[in-house]
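Observations on the model geometry
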Number of protein chains: 4
Amino acid sequence: MLRVGIVGATGVVGQQFVVALQAHPWFRISWLAASDRSANLTYADALRDRKTGARRWFCDEEPSGEVLNLTVDSVNQFDPGRVDVLFTAIESDQARELEPVFARTTPVISTASAFRNEPDVPLIIPGINSDHFRLIERQREQRGWKGFIAPNPNCTTVGLAISLRPLQARFGVKSVVMTSLQSMSGAGRSPGVSGLDILDNVIPYIPGEEEKVEAETRKILGKLDDSAVTLAPFDVSCTCTRVNVSEGHTESVFVGLGRPASVDDVRDTFASFAPDFSDRDLPSAPRQMIVVNDDPFRPQPRLDRVVDDGMATVVGRVRADGVLPNGIKYVLVSHNTKMGAAKGCVLAAEVLVKKGYVPGS
Amino acid sequence: MLRVGIVGATGVVGQQFVVALQAHPWFRISWLAASDRSANLTYADALRDRKTGARRWFCDEEPSGEVLNLTVDSVNQFDPGRVDVLFTAIESDQARELEPVFARTTPVISTASAFRNEPDVPLIIPGINSDHFRLIERQREQRGWKGFIAPNPNCTTVGLAISLRPLQARFGVKSVVMTSLQSMSGAGRSPGVSGLDILDNVIPYIPGEEEKVEAETRKILGKLDDSAVTLAPFDVSCTCTRVNVSEGHTESVFVGLGRPASVDDVRDTFASFAPDFSDRDLPSAPRQMIVVNDDPFRPQPRLDRVVDDGMATVVGRVRADGVLPNGIKYVLVSHNTKMGAAKGCVLAAEVLVKKGYVPGS
Amino acid sequence: MLRVGIVGATGVVGQQFVVALQAHPWFRISWLAASDRSANLTYADALRDRKTGARRWFCDEEPSGEVLNLTVDSVNQFDPGRVDVLFTAIESDQARELEPVFARTTPVISTASAFRNEPDVPLIIPGINSDHFRLIERQREQRGWKGFIAPNPNCTTVGLAISLRPLQARFGVKSVVMTSLQSMSGAGRSPGVSGLDILDNVIPYIPGEEEKVEAETRKILGKLDDSAVTLAPFDVSCTCTRVNVSEGHTESVFVGLGRPASVDDVRDTFASFAPDFSDRDLPSAPRQMIVVNDDPFRPQPRLDRVVDDGMATVVGRVRADGVLPNGIKYVLVSHNTKMGAAKGCVLAAEVLVKKGYVPGS
Amino acid sequence: MLRVGIVGATGVVGQQFVVALQAHPWFRISWLAASDRSANLTYADALRDRKTGARRWFCDEEPSGEVLNLTVDSVNQFDPGRVDVLFTAIESDQARELEPVFARTTPVISTASAFRNEPDVPLIIPGINSDHFRLIERQREQRGWKGFIAPNPNCTTVGLAISLRPLQARFGVKSVVMTSLQSMSGAGRSPGVSGLDILDNVIPYIPGEEEKVEAETRKILGKLDDSAVTLAPFDVSCTCTRVNVSEGHTESVFVGLGRPASVDDVRDTFASFAPDFSDRDLPSAPRQMIVVNDDPFRPQPRLDRVVDDGMATVVGRVRADGVLPNGIKYVLVSHNTKMGAAKGCVLAAEVLVKKGYVPGS
């Protein structure tokens, strides 16, 4: 069993790491870190609301008794001897400062956007571009680290890039226009989206989101040559909105392909997509990366976010588009806090273990 | 005062006609028609639920005492001597049968889609393409009618076509990609959208909607030559979804313009758009057809559907788009049951009166 | 394995029976019946929407392939030789006519209210008043049936009566005041609650509900003497409302006890309640009939309806009440379509099998 | 015109004061105060979000240009020479400190709970117990103030106490059991209720609310003798819950009356209730304090919170209750941020002006 640490363990994403890791067959949670005011408390006590005493727990799955009894450290009490790999769930500013310290000795899998655009940092979706993990070698060499930083992409990028991958491989992709209908959980919890703002409403702007999706999609689907990623040679244009949904991002996608393709060919290309991990025994891997639902009223976030415990991207409504050259259009649903966040990071860690990037394994 | 009739007066759209007409300075409601089971009841009694006795009234504004006391006729009791103009709020199948009967003698302004695609039938948004009303002359001549049929467009088309009009006039429009986030009121009431289906959810399909928007937009923005409309020479591609919003459609629009334009130019073109009715004294006309809101978090349906009592189209988030040639993108909110339905029809009737198409006026 | 039939198999409650029975260790679904227009179709085809072809399936759990391949019969094609027990999910009017026909030969466990108030018909919540099943003997004798009718109570009654049972046993109950905040699933699906009616709203009336809760609670908690139930000697007064929740009824309860009791005593009485089935190996039984949650912000329907797969009643906020004599008050959440409907019926069937009321077992 | 100040002008309740006062025929907004970081900004600038520049405005009605141009002061820059009366919209802790300073010279009408329970402080609902304003004389005498503090009650108390007043006057009130279904706006905005917490949910606890309602109702309906209020001699027992509604509290009320009364008598007693202000020309007064809606599905918060611009209490579903002695039950809807907060305070100020308690008037 590898020993894993969770940094930012009391927040929403940290809790999702706990859920994804507490019964994991390969990993054992050995270190929980959070802000100073949680330090030296048990995890159970650190979760308690100071005023009301109620437990602030946001996942459907409950934390195990074992995890609740762990003592939480301050993030500054990091001891590289206690963990083999770290999962971080902290704000970007803090990540920029702390993660390089951790990475000197330890592999860091991060949900922060701080290092996503650095040329020696791989931006990976497991199953889609795991070959980019080779950038870790360049990163280690350049920075003199024994560990590394491997961030996950933005949750809205994840579903989009997964769905584009098989199209790119088979037909080529020339252009992408996307409108997202994002769930509230992507906005976190402190305070997150106000109930008064979202009731009977749509909020048509999520600061920074569109730029992230546009840049990250091209890096993920770019080509790795001599330890550098050339961005994929197509444009992405997005409008990102928030709707009154708890979990699961819906995306309306229009794609210009590299050559003509029938709707049936596109549909079958989605359905038959095989991820790039040859070994299907990764504990967090979905049975299918992309599930096609032919019911014209699907995918719907409430019904489809749960497919394969949130690790599948569900695609439907594949149709021809008359505007983009060789245009097709479809709708997808992706679980933004499962494959799009903590559990996607755990799957990435599993790939890294298989590839030998995690010492001790 | 012109005498107006409402056909389908007890349904949701019929009720919206009542609200738009009951205090109108030019029009007086003189005839209400509905299905046989409402015939010979007062409007108040016809609105009553058979089981519970509760009034089935769906508008925010209350019906006046005068209207509640009118006796409802069956649609078959139509007497052309009693009305100068008819507003119809019936299903497409019924419209196909009844409206030609009415139109023999009487102007018919219709919310049904039955005749929208006929070559001699104008598809009008007042302020946008009122010149197309000239098709009425051809329609009368060909069909031997004294009246005519003038349908309104689909509610989702309305906001889109209004926003495209000034772009087309100033820059040209080459291509349109649109994703809608539509409100529940567009689906009517019997039964309409189920609360269980839409809670915590998005429904990514509205049967027939995308085809309507794609075809109608090109007809509305087409050119009228010698009594025939040439469709506007650009492609429209849509994905139409339903979200948990009561009233007000949100649309995420990407447009390829005919020539390069800065974001500021596009913004100012929206803001300075003047409708095609020279006389601003039309009682139902908005003060501005298009209102630009520069707050990046706007437009929002709950806040912006009420601008100018639902008669303005509110546009925001104007940005450059990197995919379509000379691309720009924006978000709009349009009130689907005000400008997009009954009150838009009343505004059309006002234009028709001004233009002399309504005898008796 | 006992062979079970589901009458009304295509509706929402029928689907919930399918889910509760398809992997049951004691029961095998051998007969599905529905209206004539479903007859002779496979269950998969009978679920299909006539217009769109989409599957009309409303449960979170999917139907098994085996069930989807069963052929649906008309309700009139009942053959007593094919089933050992019937679960009915039909409207009250239809139940009044069909269930006595079925009961001549076969045990009928019903979700309809048609026979709940008949003196020889037991109204059972398994774990609470299973001794009332003895009424079946009187019923068989009086009506000359080999089978019987055993209806489940109204879904709102279920949580209330479960929570009152331990209070009645330990302290006595003198009076009950209850306000319910009920979920939409209780209103069914055709059409059920309209999304437009419930958005940003509360509907303060559910026809017939309050009368049912007031009468049924007293019958369930009444005493069985010589084959007749004497209603429990206390008054129940309810106001039943509908809120924008998908599943799970919340009830705000005020109880006047038979003698003074501390809040701690009441809390512990809930927590230590043991159901009346001695054998804990009933497959659908919850581990605990009543779960006490001491977090002051609980129970909440979204979080607590899932406890023990919807078979537990979750109680919280136990406090003293200053109005009723020996008053206490609390809040409960009960899953209205699990313990409150289909799965509660299946648990009742398990008790009936154990007690020997189902021939063939 | 009297000059009025608003303390806490940038918050939600402060904004509601702006809306209620900006076009008032008697009052002119002459002073806006907020925290130090808003000081010396125009009101328009003080409303701006620091990060995004968007205006943080939460009311349906827009602020006038005149108000937007006023300069905001710090609360510490209070100059008694500039205002005749103050409205405060600040937290209870701050109110405890600041309001006595203001009251030395100036009438203070407060939305904070800090002084509601002081024996020399009147707790008033205009129309219900305006005679309690006589306590102001005792307050001035005891505290040596020229001004005074007059707080409004908790928003949940307001609808309840209004509905109880006519029952108390005609039949007597012996006991009250109430369950509230409260809207989100009562929880404010920073951060208020999280969208993730309330979606598909009910939150059964609002800290401190039940105690406030139970105590305040008895003070408001108590008797003033020799400058002291004797609490009304009945018990009130509440459970307060939060539901997914934006504005408007719904309350399910059970009342034990002092003598038997028919449902019709109770209904008519509500409908004919006349407030205690003889002069009906108060600009903010509703046409009717209590509106009875006989539709069994009413009152509903979305439909009934707007009656008389939120100043009426709408009552429905009057029925007999079998538990409380001489019991009746009903449902009410009250607008928590209109009559229940800012606009109710403005109505109180109008009464105070009429009664001569506001010098300068």
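What comes next is a walk through the structure. Note that the structure is predicted; figures quoted are calculated from it, not measured.

With respect to the interface of chain A and chain B
In this assembly, 49 residues from chain A lie in contact with 49 residues from chain B. Its largest share of buried area at the contact with chain B, chain A owes to A:D200, A:R302 and A:V323, together 17% of the area lost on that side. At the junction of chain A with chain B, the criterion picks out 8 salt bridges. The interface formed by chain A and chain B includes 32 residue pairs in polar contact (both at pLDDT 80 or more).

A short note on the interface of chain D and chain B
Taken together, the contact pairs 8 residues of chain D with 8 residues of chain B. With both sides pooled, the region where chain D packs onto chain B buries about 760 Å², and carbon together with sulfur makes up 63% of that total. At the surface where chain D touches chain B, the tally comes to 0 salt bridges. Our count for the chain D to chain B interface comes out at 0 residue pairs in polar contact (both at pLDDT 80 or more). Of the residues in the side of chain D that touches chain B, the class split is 4 nonpolar, 1 polar and 3 charged.

Here we look at the environment of B:F115
Residues and elements named next belong to chain B. When you line up the elements, F115 lands in the loop between β5 (107-110) and α5 (135-143). Look at F115 and you get buried, because its relative accessible area is 5%. A sequence separation of 15 residues divides F115 from P100, and the C-alpha atoms of the two residues are 9.9 Å apart. Ignoring any residue separated from it by four or fewer positions in sequence, one finds F115 in contact with A95, R96, E99, P100, V121, R143, I149 and P151.

So, the side chain of D:S237
Mapping D:S237 onto the fold places it in strand β10 (residues 235-242). In contact with D:S237, not counting residues within four places along its chain, are C:F254, C:D321, C:G322, C:V323, C:K329, D:V176, D:V177, D:M178 and D:E214.

Overview of the sheet that holds strand β3 (residues 72-74) of chain B
Residue and element names in this part refer to chain B. Read from one edge of the open sheet, 6 strands run β3-β2-β1-β4-β5-β6, paired in parallel fashion. At either end of the open sheet lies a strand with only one pairing partner, and these are β3 and β6 (148-151). Geometrically, the sheet is characterised by an average inter-axis angle of 30° between neighbouring strands, direction not taken into account. Inspection of the sheet shows strand β2 (residues 27-34) paired to β3 by 3 bridges, in the parallel sense.

Digging into the relation of the copies chain D and chain B
It takes a turn of 180° to lay chain D on chain B, together with a shift of 0.1 Å along the axis; the resulting RMSD is 0.0 Å. Taken together, the rotation and translation relating the two chain copies correspond to the operation of a two-fold axis. Considering only C-alpha atoms, the residue of chain D closest to the rotation axis is D:D200, which sits at 3.6 Å. A shared interface surface links the copies, since 100% of the contact residues of chain D are contact residues in chain B too.

Reading the values: rules and limits
- Residues numbered from 1 in each chain as written.
- Chains lettered and ligands numbered in written order.
- Predicted model: local features only at pLDDT ≥ 70, side-chain atom pairs only at ≥ 80, totals over all residues.
- Heavy atoms only, no water.
- Contact = heavy atoms within 4.5 Å.
- Buried area = accessible area lost by both parts, 1.4 Å probe.
- Salt bridge = Lys/Arg side-chain N within 4 Å of Asp/Glu carboxyl O.
- Polar contact = N/O pair within 3.5 Å; in protein donor to acceptor, adjacent residues only side chain to side chain.
- Nonpolar A, V, L, I, M, F, W, Y, C, P; charged D, E, K, R; others polar.
- Helix = DSSP H or I, 4+ residues; strand = E, 2+ residues; numbered from the N terminus.
- Buried < 20%, exposed > 50% of the residue type's maximum accessible area, 1.4 Å probe, protein only.
- Pairing = 2+ DSSP bridges.
- Axes fitted to C-alpha atoms, helices over the stretch in contact; angles between N-to-C directions.
- Least-squares fit on C-alpha atoms with pLDDT ≥ 70 in both.

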